[in-house]
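Remarks on the overall topology
Here's the letter readout for the chains.
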Amino acid sequence: MAASVPRKICQTFANIKTGVVLLILVVILSAAGTLILQRPVTDPDEIERAYSPQVLHLLDGLGLTDVFHAWWFVLLLSLVSLSIIAASVQRFPNAWRFFARPYKSPDKTFRKALPNQKLISINNEDEEAAVSVAERILQKAGFRPERIVREKSFSLFGERNRFSEMAVYIVHASLLLVFLGSNIDALLGWRGFVTLTRGQQSSEVKPQNGSPRHLPFAVRCDGAGQENYADGTPKRWWSDLAIIKDGQVVLRKQIVVNDPLIYAGVRFYQASYGKTGKIDKLVLTATPRDGHAHQEIAIGLDETIPLDSDTRVRLAEFIPDYVVSDGQVYARSNELENPAAHLVVESRKSGQTINVWLPPIPGFEQNASSPYAFEGKDVQMAYFTGLEVSHEPGQWSVWAGVVLMGIGLAVVFYFVHTRVWVVPERDARGQLQLWIGGTANKNKDAFEQRFRDLVEKIESELKISVEAGAEASAAVLTGR
Amino acid sequence: MARARVEEQPVATGATLVVAVGLGVTFLLFIAFLNVVKSGNLLTDSNLLYAALIFYSGAGTLYLGFGITGTPAYIRFASLATWAGLIANTGAVAHRWYEAGHPPFASIYEMLLMFVWTLAVLTLIAEQKFKVKVIGTVTMPLAIVGVVLMQLLRTDVRPLVPALQSTWLHVHVTLAMLAYAACALSFALAMMFLIQDRMKTETFLAATSLFSAATYVGVLTRFEKWGGLSVAAWNPEEKSEAFLSKGVRLFVVIPDLGWMLLLVLAAVAAPLVLYVVWRKTQDQGLLDMANRVVFLSILLQVLALVFFVLRARDGHYASLDADGLFPTTLAASPFILSGLVGAIFVSLLYLLLLWRREDLERMLPSADELDRITYKTIAIAFPLLTLMIAAGAYWANRTWGSYWSWDPKETWAAITWLVYAGYLHMRISRGWRGRRAAYFAILGFGVVMFTFFGVTYLLPGLHAYA
C-alpha cells in the first residue's frame, strides 16, 4: 500500500486533466498579475492612489501585488513542470517501443482493422516479381521498403519520418529546458544598474533593492553621447566602455541600445543617458589686473589651477540653474538655464581667499578685490550614461530550449509518420493476391489520397509487367 | 455558357448588385480622384488606403450579397474587388515603408496596415485553395473596420526610438501578424463549423445578444450623471490624449449620449431575456419577437453610431475634472467606436444566418472538413506564436537585458500560447473534435484580440508602442 502512494501521485500528475487544471490556474493568475498593479514596476504612490488601504493590505498579504515572484506562482510553475515530466515518463516507454521496434509484419487482425488497404489479384504466379514491382514503386515514393523474410515467402515494410513520433517529447523536453534556464536565472542571476560619467569607473552594481554587488572587475566609461533625429527625438545612445581587471584594460567596446558588452557572463546594456546637472569643465579667461596678458583655463569642480607663482583658483561650486532667495543661492533645476559659478581665488603668501561669483551675485561676490578678472567662455556639462547590468547564467538553457521547441513543433506538425505494408497472400481459391495497407499518424485525409495513388501505380505497373512477362514466355515457347 | 444562363435565370443573375457596387466603387474613386487632383498628391499611403477601403467595401458588399442570395457571379466580382483592394493595400504598405525607411511595424497604425493586408491575402488563399467561399463575408468587414480605425489613429511617421532599431523587431512583428491572421481565420472557420454542425439558430441569437450587450455595458462604464458619456479629451495638434497630470487622463462628457446608449443596451439585451424566457416556456412566439427586436436593435445601433460619430467628431465639451471646454475627436475613443461597429456587424451576421441558413449550409464545406481546416490553421498559428514569443524574448534580451519580465503584453502572449496549447492537447490526447474544439478556437481568438488591442490600450507596460 505504501509503495502505491508515490505511484498514485505520479499518475495524478501524468493525467492530462491535472495538466489542464494547472494550466488554467496559470492563465488565471497571470491574467490577474496583468490587471492588478504590480509592486516592483509601479510607483508605491501610484498603487496607494489606486487601491484603498484595506484592499492594498489584502492584495499585499496574498502576494497579488507581485504575482510573478510570489512563492505560490513559482510552486505552480514547478507543478506544471512536474506534470510534464510525469506525463512524459508515463507515456515514453510505449512510444519508445513503438519507435524502436517498428511493426513490420502485420498480423490478420491488424490488417483487417486498417482503414487504408487494398487487395490486388495477380494473374502471374510469380510472387517475387510482383513484390519486387511494389518494392520499386515504394522506393521511388521514398518509403525505403525492406524485405521481411518469413519461412517461405517475404513481405515488404516501408515507412517515412518515423522520428516524428518522438517529436512531441522533444517539445516537452524543450519546455523543461526553458523552465530550467529561467529557474537558474531566478536563483543565480541578478540585475542592477551602474551610472557613470566620462572618465569614471566603477565595480559596484546597484540592484533595485538590497545592497550593492561588487564585481571582480571594473567598468570605465571613456565617453558617451546621444544623436538626435531632425525633430529632436533621440536616435541613438552610445557609450565607450572599457573593462579593467587588475589595473589592465582587458576589453573595449562601444555599446548602443540593442548591442550590449559582455564580459565574464555579465552584460552591460545601454539603458539611459542624461545630464547629471554637474559640470565637467568650465572654460574661463583670467585677466590680471596688473595689465599682463590674459590666460585661458579649463577648470573642473574642486580642481585647483595656479594662475601665477602666488595665486591659484579653485572651482568651489557650479549651479546650472540658480536662484537667489532668502539670502541663499539655490539650484532650481539640472538644466543649464541660468548658471552660476563660485570661484575661490587664494594667495599662497598671505593665505587670503576671495570669493568670485560669475555672474556677480550681490552679497556673495568679492569680485572687485580679486587680482584677476574672470570671464566665462564655455560650460561643458557632465553627462551620465546609465547601464543596465545583468547576469543570466541560465539563458543558454532557455535559448537551447527555444531552438529545440521550434524544431520539435515543426516536426510535430509538418512531418507525418507514414507506414506501408505489402503482403502476398492467397485467397480462398488459392489465387495469389497482393495485400497493400498503409497508415499515417496525422493529416490522414492527405495520406488517403497518397495511398490511393500509390496503389494505382502498383496496379498499373503489375499489369504491364505481367503482359511483358507473358509476351516473353510466349516468345520462348514459339522460339522452341 | 448560354445554356447555363438560361438555367440560372429563375435564380436571378445578380447583375443589379454587381452593377450597383461597380457604380458605387467608380463613383467613390472618381470623387477621391477629384480630391487628389485638387491636392496634387496622388500616391500617398492615405490615398492608396482610401482606394483599398473602397475596394474592400465593394468586396464586402458582394460577399454579403453572395451570402444572402448564393449567386455565383458575386463571388467572381468580390474576388476581383479583393484583388484590387489588395493591390492598393500593398501600394500603401510599400509607400509607408519607403517613406519611413523601415518596414511598417513600428506603431499600431502600421501594424493594422499589415494585419489588414495579411487578412486580405489569407481570404484569397482560403477562397481559392480551400474553396471556403463565404469567408469574405466575415474577413472583409473586419478589414473594413481595420482601415476605418486606421483613419483615426495617428499616421505621422515617427522616427524609431533606439530600442526599436533591430532586425529582431521585424522578425517578431512579421511572425505576430502571420500568427494573429491565422488565428482570425481559425475563428471564422470555427464559426462556420458551428453553423454546419447544426447549432441552433436560437443559440446564435443568444450569443449575438450577449456579445452586443456586453459591448454596450463595457462602453457604458463611462456613463456619467445627467446621462452623459465621458470620452478621453484629445489634443488635435499633437494627435494624442490630453493629460490632467502625469498618468491621469482628462475626460470630457458628451451630453445625452449615455441615455441613447442605455436605450440601445436595452434593445440589444432584450433578445437575450426573451431567449431565457423561451427556454423556460418554449413559447415560439417569444423567439419571433426576439428576432424582430434584433432587427429593431440594428436600426437603433446604427442611429447610436451616427449620433456618437457626429457628437464625438471635433466637438468641444466640458470636463468634470477641470474648468473650460476641451476638444475630443473620434480617435480619442477607438474602443467605443470599434465596439459599436463590431456589435452592428455581429447583429447583421446573425440576420444573415437567420434568413439564409439553408443557403449558407449548402455553400459551406461539410462540418468535418471545416473541423479539419480549423485544426490545420491552428497547427500553422501555434508554431508561429511560439516563434513570435521567442523572437520577442530574444529582442528584449538584447535591449533590456532580460528575456522575460512579465510585462502585460508578454504575459498575455503567453496566455494566448497556453490557450492554443490547451486546444492542441485536448484535440490530440483527448480526441476533442467538433463543437468543443470550435468553442476553444473561438476563445483563443478572443484572447488574441485582447492581447493585440486590449493590452495596448488598457494595460500599461514596456510594450508601449504597439
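Nothing here was measured: the structure is a model prediction, and the numbers come from that model.

Turning our eyes to something else, we now look at the interface of chain A and chain B. Each partner contributes to the interface: chain A provides 35 residues, whereas chain B provides 33 residues. For the side of chain A that touches chain B, the elements supplying multiple residues, two or more each, are α2 (16-35), β7 (234-245), β10 (266-288), β18 (372-391) and α9 (395-414) of chain A. Among the elements that make up the side of chain A that touches chain B, the one with the highest residue count is α2 of chain A (nine residues). When the residues that make up the side of chain A that touches chain B are grouped by side-chain class, the tally is 19 nonpolar, nine polar and seven charged.

Once that is clear, we can look at the domain arrangement of chain A. Under the domain assignment used here, chain A contains domain 1 (4-90), domain 2 (102-161 + 416-473), domain 3 (186-276 + 386-393) and domain 4 (279-376). On a C-alpha basis, the centroid separation for the pair domain 1 of chain A and domain 4 of chain A is 61 Å.

Our next topic: the sheet that holds strand β5 (residues 201-205) of chain A. All names here are of chain A. Taken in spatial order, the four strands of this open sheet run β5-β6-β7-β8, and their pairing is antiparallel. The open sheet terminates on both sides in strands that have one partner only, identified here as β5 and β8 (248-256). Taking the axes of each pair of neighbouring strands and ignoring which way they run, one obtains an average angle of 35° across the sheet. Here β7 pairs with β8 via eight bridges, running antiparallel. Looking at β8, one finds that Ala242 is bridged to Arg252.

What follows deals with the nonpolar core. Residues and elements named next belong to chain B. Ala52, Leu62, Ala179, Tyr180 and Ala184 are the most contacted members of the largest nonpolar core, which has 140 residues in total. For this core, the element with the highest residue contribution is helix α7 (residues 167-196), accounting for 21 residues. In contact with Tyr180, other than residues within four places in its own chain, are Phe115, Val448 and Phe452. By size, the runner-up hydrophobic cluster in this structure holds 40 residues, among which are Ile254, Ala267, Ala304 and Phe308.

All names here are of chain A. A cis geometry characterises the amide bond from Leu358 onward to Pro359, with omega recorded as -10°. A positive phi angle is found at Ala264, which is not glycine, with a value near 50°. Tracing the backbone shows Ala264 in the loop between β9 (261-263) and β10. The residue Asp302 is not glycine, and still its phi comes out positive at about 65°.

Rules used in this analysis
Residues numbered from 1 in each chain as written. Chains lettered and ligands numbered in written order. Predicted model: local features only at pLDDT ≥ 70, side-chain atom pairs only at ≥ 80, totals over all residues. Contact = placed C-beta atoms within 7 Å. Helix = DSSP H or I, 4+ residues; strand = E, 2+ residues; numbered from the N terminus. Nonpolar A, V, L, I, M, F, W, Y, C, P; charged D, E, K, R; others polar. Domains from an automatic or database assignment. Pairing = 2+ DSSP bridges. Axes fitted to C-alpha atoms, helices over the stretch in contact; angles between N-to-C directions. Core = buried A, V, L, I, M, F, W, Y, C linked by C-beta atoms within 7 Å. Buried ≥ 20, exposed ≤ 12 C-beta atoms within 10 Å, placed from the backbone.

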